[in-house]
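Summary of the model geometry
Each chain is listed here by its residues.
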Amino acid sequence: MSLTTEPGRRSWLLRLVIAFSFAQGAVSMARPAVSYRALSLGADERAIGVIAGVYALLPLFAAVPLGRRTDHGRCAPLLPVGVVLIAGGCALSGTAHSLAALAAWSGVMGLGHLSFVIGAQSIVARQSAPAEQDRNFGHFTIGASLGQLIGPIVAGALIGGPRLASTSAFALVVAAVVAAVSFTSLWRIEHARTGTGAAAPAGPRVPVGRILRTRGVPGGIFISLAVLSATDILTAYLPVVGEHRGIAPSVVGLLLSVRAAATIACRLVMTPMLRWLGRAALLATTCLVAGVVCAGVALPVPVWGLGLMLAVLGFCLGVGQPLSMTTVVQAAPDDARSTALALRLTGNRLGQVAAPAAAGLVAGVAGVAAPFLMLGALLVGAAGVGMRGGGGSSGEGFFPQPAPSRNGAPPRTPLLKRRRG
């Protein structure tokens, strides 16, 4: 499958995927390393949950302003800013000697990741024709999956032994270097377009309330929140589960990478799955299966069984992020697509704040496996949103599939436009 969309400008998506792979790889190395460093500093399950939540706290307030800025300006400047913040947050987390400092630098890392993702997603939305968005967002998120595949393996190889504090600090410094490699792929990613791909001209801002009331946006945000919360808690809490079950950090890193590899496999076959099931049914089915399997992680299964569960979980979780991006972009007003994507990311970060805090509370009361039961319930709820959305007259509800135009390219959700008008 080609990562290109326009002759003469054939490499922007490929280079964006490469840059995202390194940026996400750095974050995926740093998240379990932060958990292990916190454990070495005396953190308990509640403290791990708080630190994981702080990672999302600054982005929670910054997403919408960044999206507003991007709707009427260039997207590319957010990418190097994000890389600098990711690299700085990783490096300074490695030098932190208190839980408060570790949480603060984790928040800086999260802000950098948000900046990079808003800029990158907006570039994909702006430079892709409507008929290409499912495919291009799927390819874009392969970059995240590659980072999530390699990052935990490297972190697991670097962390371990009796010197947990020093090895986790070293892993965080290496993560900073990995993030800096993203700079090599950030040249000339954004180019001028006309028509539907162009930046909206400056004008009255679309109210946030109107965007959130647009059919398709709330369902996409909620499913994205549930899927990302599951991925995030899995990354933060599987090291804790490993410590309690006597699983070595290198094995934990391998298990997390199995999940990421399954996510890549899912995104490589997403187009035929969409043709077979449609967007709503695919989202509902995968969320339901993921919820059941995520709850199963709480069981005291052997390592091979845990690996099998994580493979199934990774495959199912791979659907939610790219399809929720397309859903939100195609449902939102033309002059507020970056803001709508930012609202989706705000929902993600809200989940990343609330879910770790709730997971830490549940783990402190009911044990370290209990957060996975909570996440299972959240994913089953997301499946319910998808099922309810599928009952509309269009057959897609929250996730409409527009009819093809005469030239074979689907228009931008005319059903939504008729209902809004």
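Above: the structure in question.
Figured I'd write up the structure that's included with this text. Keep in mind that what you see is a predicted model, and the values were worked out from it rather than measured.

1. Some details on the overall build of the chain
Across its full length, the chain holds 15 helices and 0 strands. Counting across all 421 residues of the chain, residues that qualify as buried make up 59%. Of the roughly 15400 Å² that the chain leaves accessible, carbon and sulfur atoms contribute 69%.

2. Here's the deal with the packing of helix α5 (residues 133–158) against helix α9 (residues 249–268)
Two elements in contact, α5 and α9, have axes whose closest approach is 7 Å; the angle formed by their N-to-C orientations is 165°. Judged by the angle between their axes, α5 and α9 are roughly antiparallel. Crossing of α5 against α9: the hand is left-handed. Class assignment of the residues belonging to the contact of α5 with α9 gives a composition of 12 nonpolar, 9 polar and 2 charged.

3. Some remarks on a nonpolar patch on the surface
Taken together, the side chains of Leu14, Ile18, Phe22 and Val181 make up a nonpolar region of the molecular surface, amounting to roughly 280 Å² of accessible area. The topology assignment puts Phe22 in helix α1 (residues 12–40).

4. Here's the deal with the packing of aromatic side chains
One pass over the full model with this rule turns up 2 aromatic pairs. Considering the side-chain rings of Phe20 and Phe116, the 5.7 Å spacing of their centres and the 20° angle between planes classify their relative orientation as stacked. Of the two residues, Phe20 is situated in helix α1 and Phe116 in helix α4 (residues 99–127); the sequence distance between them amounts to 96 residues. With respect to class, Phe20 is no different from Phe116; both count as buried. Seen from their ring centres, Phe20 and Phe140 are 4.7 Å apart, and the 10° between their planes marks the pair as stacked. Taken together, the residues span a long stretch of sequence, with Phe20 in helix α1 and Phe140 in helix α5 at a distance of 120 residues. Assigned by exposure class, Phe20 and Phe140 land together as buried. Here the aromatic cluster, defined as three or more aromatic residues joined through ring pairs, consists of Phe20, Phe116 and Phe140. One residue, Arg31, lies across the ring of Tyr55, its end atom 3.8 Å from the ring centre.

Parameters and conventions
Residues numbered from 1 in each chain as written. Predicted model: local features only at pLDDT ≥ 70, side-chain atom pairs only at ≥ 80, totals over all residues. Heavy atoms only, no water. Helix = DSSP H or I, 4+ residues; strand = E, 2+ residues; numbered from the N terminus. Buried < 20%, exposed > 50% of the residue type's maximum accessible area, 1.4 Å probe, protein only. Areas by Shrake-Rupley, 256 points an atom, 1.4 Å probe, with all protein chains shown as cover. Axes fitted to C-alpha atoms, helices over the stretch in contact; angles between N-to-C directions. Parallel < 35°, antiparallel > 145°, perpendicular 65-115°, else oblique. Left-handed = near helix turned anticlockwise from the far one by under 90°. Nonpolar A, V, L, I, M, F, W, Y, C, P; charged D, E, K, R; others polar. Patch = residues over 30% accessible without salt bridge, like charges linked within 9 Å, V, L, I, M, F, W, Y side chains within 5 Å. Salt bridge = Lys/Arg side-chain N within 4 Å of Asp/Glu carboxyl O. Phe/Tyr/Trp six-rings, centres within 6.5 Å; stacked < 30°, edge-to-face > 60°. Lys NZ or Arg CZ within 6 Å of the ring centre and 35° of its normal.

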